[in-house]
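Commentary on secondary and tertiary structure
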Amino acid sequence: MNRKIVALAICGALLSACASGPAYRAAVEPDDYGYRDTLLTSDRYRVSFAGDYGMARETVENFALFRAADLAVNRGAERFRINSRETSPVTSHSGGGPSTSIGYGWGYPFWGTSVGYSTGGASRTRYETVLEIQVGDDVPEQGQDVYNATELKRNLSASVAADGG
């Protein structure tokens, strides 16, 4: 009987781990995964999505696009234009001695390096996408990096929901 209970507990834990995958959500803490957006001017936003460790780069990019479309729809706009986009890996190291790293800071791109030696440890990489978008009447109907917000949300909603959103 105890073996059955242990087996059921293990199955339940495995299923809950699968169900609690990456989520499309607002980032709560500064180093947390999720989306952030900042109003820059009356018609421009900085939108970002920081993925959790193990989240695919494409998923991070799709979540940032989905958030941009969400902002446009919430403002009553049919479309938005991406003026700039950047997807960067963010690598963290744990254990061992000093190591070499290159990272990306929050907000404007701040790059830094450090050099040292490593006696072991592990590194993990996650991705962050930062978009600067324009929303409003000045966005042309068509053009490079112009997206129909409702269509984009409709096309990406299944993958956002499948990945926990």
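Just so you know, these numbers come straight off a predicted model, no measurement behind them.

1. Describing the pattern of salt bridges
Per the counting criterion, the structure on display carries eight salt bridges. Between arginine 25 and aspartate 32 there is a salt bridge; the shortest N-O distance is 3.2 Å. By relative accessible area, arginine 25 is classed as partly exposed at 24%.

2. A few points about the sheet that holds strand E7 (residues 146-148)
An order of E1-E2-E6-E3-E7 is seen for the five strands of this open sheet, with the pairing classed as antiparallel. Edge positions in the sheet fall to strand E1 (34-41) and E7, since each has one partner strand and no second. Between one strand axis and the next, the sheet turns through 35° on average, direction left out of account. Here strand E3 (residues 79-94) pairs with strand E6 (residues 122-135) via 14 bridges, running antiparallel. Residue pairing across strands places threonine 87 opposite threonine 129, the latter belonging to E6. In the packing of helix H2 (residues 57-74) onto the sheet, the strands contacted are E1, strand E2 (44-50), E3, E6 and E7, and the crossing angle to E6 comes to about 25°.

Definitions and cut-offs
- Residues numbered from 1 in each chain as written.
- Predicted model: local features only at pLDDT ≥ 70, side-chain atom pairs only at ≥ 80, totals over all residues.
- Heavy atoms only, no water.
- Salt bridge = Lys/Arg side-chain N within 4 Å of Asp/Glu carboxyl O.
- Buried < 20%, exposed > 50% of the residue type's maximum accessible area, 1.4 Å probe, protein only.
- Pairing = 2+ DSSP bridges.
- Helix = DSSP H or I, 4+ residues; strand = E, 2+ residues; numbered from the N terminus.
- Axes fitted to C-alpha atoms, helices over the stretch in contact; angles between N-to-C directions.
- Contact = heavy atoms within 4.5 Å.

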